[in-house]
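Descriptive structure summary
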Amino acid sequence: MAIMISIPAGITANQASTETLTQNLSNTITQTEATINQTLTQIDCTLSPSFEGFGFEPPNTGDASGFTPPDGSSGFAPGDFGGGSMPGRFGGGPFGGGGTTAMNETLYEDISSIEGVAAVASSLQASEGTEQTMEMMGRSFTRFVPDYIIKGVPLTSDLSDNYPILPTNITAGRNLQAGESGVVILSENNTAFFNAGVGDTIDILDQSFQVIGIYGSSGVEDVMTLYMNLSDAQSVTNNTGYITSITVFAASSNVVSTVASDISSLHPELTIVTGQQRLDQLETLRDTYEVQLENAYASLAQTQAVAVQEIVIAVAATSLIVLFVMLYTVRERTKEIGTLKAIGFSNLNIMSQFMLEGVILSLMAGVVGVVIGVFAAPALSGLLLPAVNAGFGGAFARAAGTVSSVSGVVTPELVLIALGGAVLLGVLGTLYPAWRASRTSPMEALRYE
Amino acid sequence: MSNVALKTEKMGRVYKLGGRQVQALSDVNLEIEKGDFISIMGPSGSGKTTLLNVLGCLDKPTHGKVLLDGVDITNVAERNLHKTRKHKIGFVFQTFNLMPWLNAVENVELPMEGTGKTKEETRKRAVELLNMVGLSERKEHRPQKLSAGEQQRVAIARALANNPAIVLADEVTGNLDGKTKLEIMKLLGKLNAEQETTIVIVTHDGQVASMAGRILFLSDGKLIAKEKQGTHQNK
Ligand SMILES: Nc1ncnc2c1ncn2[C@@H]1O[C@H](COP(=O)(O)OP(=O)(O)OP(=O)(O)O)[C@@H](O)[C@H]1O
Ligand SMILES: [Mg+2]
């Protein structure tokens, strides 16, 4: 009975998680697409990893992978977030991609004078977190686990008024305004980490900032980015004069490719990604995810097929158990049946008496099953879920949070179905024993000791 | 109306056991008048229980007729026989056969289920009967809380529930000690005398048998003697 309820719960959870993932996925793709379409004139420039150190002598030399700021406490995490190799990554917010390699601001001032460039927004992005060492198969790996990501954007009125350099979906408080300093806007994820809301003061790298707004995160990824003025970001991370990416806004979409190639010839060390390229990347990603979704659905169908088999077995087993218990009961109570018949009970009376008992028995079993099911379903559905999760690959690892929150849902409908099923199986399993009881010869039954 | 409660004519019962035939009863001619108190004696295997089963409509004879209140029960369809048992017959068993999950009153009420009586009427009748058998203080007790004699009293009350034409009792004193045995027999005698209940008991016990109005002997399935006897129980 527990299995009976757990399996549907598992399937429901599987379905729910697959649907959630699908929903999140298409939401993200749609949103990103919309953002990119609005910003087709946008060109993201980051320093190519191979040109590391080209425009920048790190104050603390000697660190080959990534950038260690002078104070040594914060770092730009290669890989995990930031994604310099994939500037148009999901969930990155509207404003460009996050480069991870620091660039000297002054070396790129010439970009703004390229013909067709309407505006240039330089930004600095830095991840704050802790190094975590984990043991895996006898080897230890060190991984940078980010707590939050600081993004400094140039808060000039020209940029903040005319270009999408800040998140737009403010859910509380207000957005950053031109010229503001000492203030931040947080993502919902950040509010949890800092345990702070609008109006509160938080400490970022030992410096106080006031939270003036919160923006809603979208997509499957947890957005960990908090926004502040570029100069604030530079000073708080000890990176005065440095940036990690440059977003160039072309005057019109017609000149985007010309501008991009001009930037490229001026600064061959930069990785340049145009809106169109990001759109193309998105298409490729969409194709990949669609294939993964198909796989996930296929594995879900497979899980369901297996589950249906298991339910059939569980149903058969339950009926058989009721059958044998009731057969035993009828045998044990032969003398009682004989007595009841001797004092005038009809076959129908006897039959309904035993049917009632069979149904009560299986109903009680059903209730016990539901109780066990409520506790066992999450575990059992957990066993069924990896098949679905695997289909989504590592890129969606963070979405697993969504999955675990929907797994093992025992709905009232499911409970009713389980109890209804229990009664039905009780009737099925009791039919024969009750019929046998009703046909017992009273004379024989009374001789039975 | 005739005064005959039960009558058999050339009644016989043959059991078929595999290829073998067992003549449990043969040519039984018996007439029981209303208000009779009869005991049947006979050696083990002589057919006493078989006779009682046939009289009580639990079994059908293979030969002859059984007339209960003038109706030949051999002609009553099997599926209607339960009504006859319910309304015309009261059974008392050697091992009492009370329902262990019901208390005394509820056990007495059991045969009245489905007779069209209201709950109140049923309860009233059951209480009345328990008073009659001397168990007015034990109505709410479950069988396992009652002594053997008390259980048999409940069983007797149950047998009387629907005011049957005849009460059939097989070895009802077989599981009782000497004193209780006599008390139960006195109770049956009292019911017979005061309520004019027709009673047939089967027993091995001569003393018990002698407390009935008439003793019949069975031997090898045949009624060998009808003994009219005056030793009606002494009050
Ligand atoms: N259901 C049956 N099938 C076959 N033979 C039976 C059946 N019931 C009784 N007999 C046989 O019929 C005969 C009469 O049995 P019955 O039980 O009526 O005797 P009894 O006088 O009641 O004996 P006891 O004093 O031991 O109770 C016996 O030979 C018995 O073996
Ligand atoms: Mg017998």
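The structure presented is a predicted model; accordingly, all values stated were derived computationally and were not measured. (Residues numbered from 1 in each chain as written. Chains lettered and ligands numbered in written order. Predicted model: local features only at pLDDT ≥ 70, side-chain atom pairs only at ≥ 80, totals over all residues. Heavy atoms only, no water.)

Residues and elements named next belong to chain A. Structurally, the position occupied by S264 is in helix α5 (residues 256-266). Overall, the relative accessible area of 31% leaves S264 in the partly exposed class. Distance in space between the C-alpha atoms of S264 and C45 is 9.2 Å, their sequence separation being 219 residues. (Helix = DSSP H or I, 4+ residues; strand = E, 2+ residues; numbered from the N terminus. Buried < 20%, exposed > 50% of the residue type's maximum accessible area, 1.4 Å probe, protein only.)

Turning to the pairing of strand β9 (residues 225-229) of chain A, a few remarks are in order. Residues and elements named next belong to chain A. Counting buried positions along β9 yields five of five residues, so the element is predominantly enclosed. As defined by bridge partners, strand β4 (residues 139-153) adjoins β9 across five bridges and the pair is classed as parallel. Bridge pairing links V153 to N229 in β9. (Pairing = 2+ DSSP bridges.)

Residues and elements named next belong to chain B. The strand order across the open sheet formed by four strands is β2-β1-β4-β5, and the pairing between neighbours is antiparallel. Each edge of the open sheet is held by one strand with a lone partner, namely β2 (20-33) and β5 (71-72). Bridge count for strand β1 (residues 4-17) against β2 is 10 bridges, and the pairing is antiparallel. Of the residues in β2, the one forming a bridge with Y15 is V22. Along the sheet, helix α1 (residues 48-55) makes contact with β1, β2 and β4 (63-68), crossing β2 at roughly 60°. (Contact = heavy atoms within 4.5 Å. Axes fitted to C-alpha atoms, helices over the stretch in contact; angles between N-to-C directions.)

Let's shift gears to the environment of B:K88. Residue and element names in this part refer to chain B. Counting through the fold element by element, K88 comes out in helix α2 (residues 81-88). Assessed through its relative accessible area of 28%, K88 is described here as partly exposed. Separated by 31 residues in sequence, K88 and C57 have C-alpha atoms that sit 9.7 Å apart. Discounting chain neighbours no more than four positions away, the residues touching K88 are L68, D69, P164, A165 and I166.

Another point: the site of ligand 1. Lining the immediate surroundings of ligand 1 are 15 residues, of which A:R447, B:S44, B:K48, B:T49 and B:T50 lie closest. Neighbouring residues of ligand 1 are distributed over chains A and B. A:E444 has a polar side-chain atom sitting 3.4 Å from a nitrogen atom of ligand 1. Here B:G47 contributes a backbone N or O atom positioned 3.0 Å from an oxygen atom of ligand 1. Protein coverage of the free-state accessible area of ligand 1, which is 620 Å², stands at 74%. Within the residue set of the shell around ligand 1, elements represented by two or more residues are α12 (442-447) of chain A together with β1, β2 and α1 of chain B. At three residues, α1(B) tops the list of elements feeding residues into the shell around ligand 1. A breakdown of the residues in the shell around ligand 1 according to their chemical character gives five nonpolar, seven polar and three charged. (Near = heavy atom within 4 Å. Polar contact = N/O pair within 3.5 Å; in protein donor to acceptor, adjacent residues only side chain to side chain. Areas by Shrake-Rupley, 256 points an atom, 1.4 Å probe, with all protein chains shown as cover. Nonpolar A, V, L, I, M, F, W, Y, C, P; charged D, E, K, R; others polar.)

Along the chain, B:S26 falls in strand β2. If we skip the residues at most four places from it in the chain, B:S26 touches B:M11, B:G12, B:G221 and B:K222.

Another aspect to go through is the interface of chain A and chain B. Counting from both sides, the interface comprises 14 residues of chain A and, opposite them, 18 residues of chain B. Surface buried jointly by chain A and chain B totals about 1500 Å² across both partners, of which 67% is contributed by carbon and sulfur atoms. One can count zero salt bridges joining chain A with chain B. Viewed at the interface, chain B and chain A are joined by three residue pairs in polar contact (both at pLDDT 80 or more). Secondary-structure elements contributing two or more residues to the side of chain A that touches chain B are α7 (334-342) and α12 of chain A. (Buried area = accessible area lost by both parts, 1.4 Å probe. Salt bridge = Lys/Arg side-chain N within 4 Å of Asp/Glu carboxyl O.)

In this section: the packing of helix α4 (residues 119-132) of chain B against helix α5 (residues 148-160) of chain B. Residues and elements named next belong to chain B. Remark: α4 packs on α5, axes separated minimally by 9 Å, with the N-to-C direction vectors making an angle of 135°. Relative to α5, the element α4 lies oblique. Where α4 crosses over α5, the handedness of that crossing is right-handed. Touching R125, L129 and L130 of α4 are V154, A157 and L160, all from α5. In terms of residue class, the contact of α4 with α5 is built from five nonpolar, no polar and one charged. (Parallel < 35°, antiparallel > 145°, perpendicular 65-115°, else oblique. Left-handed = near helix turned anticlockwise from the far one by under 90°.)

You will see that A:D206, though not glycine, has its phi angle at about 65°, which is positive. Residue A:D206 is classed as exposed on the basis of its relative accessible area, which comes to 80%. Despite not being glycine, B:D220 shows a phi value in the positive range, around 50°. Examined against the element boundaries, B:D220 turns out to sit in the loop between β9 (214-219) and β10 (222-228). By relative accessible area, B:D220 is classed as exposed at 61%.

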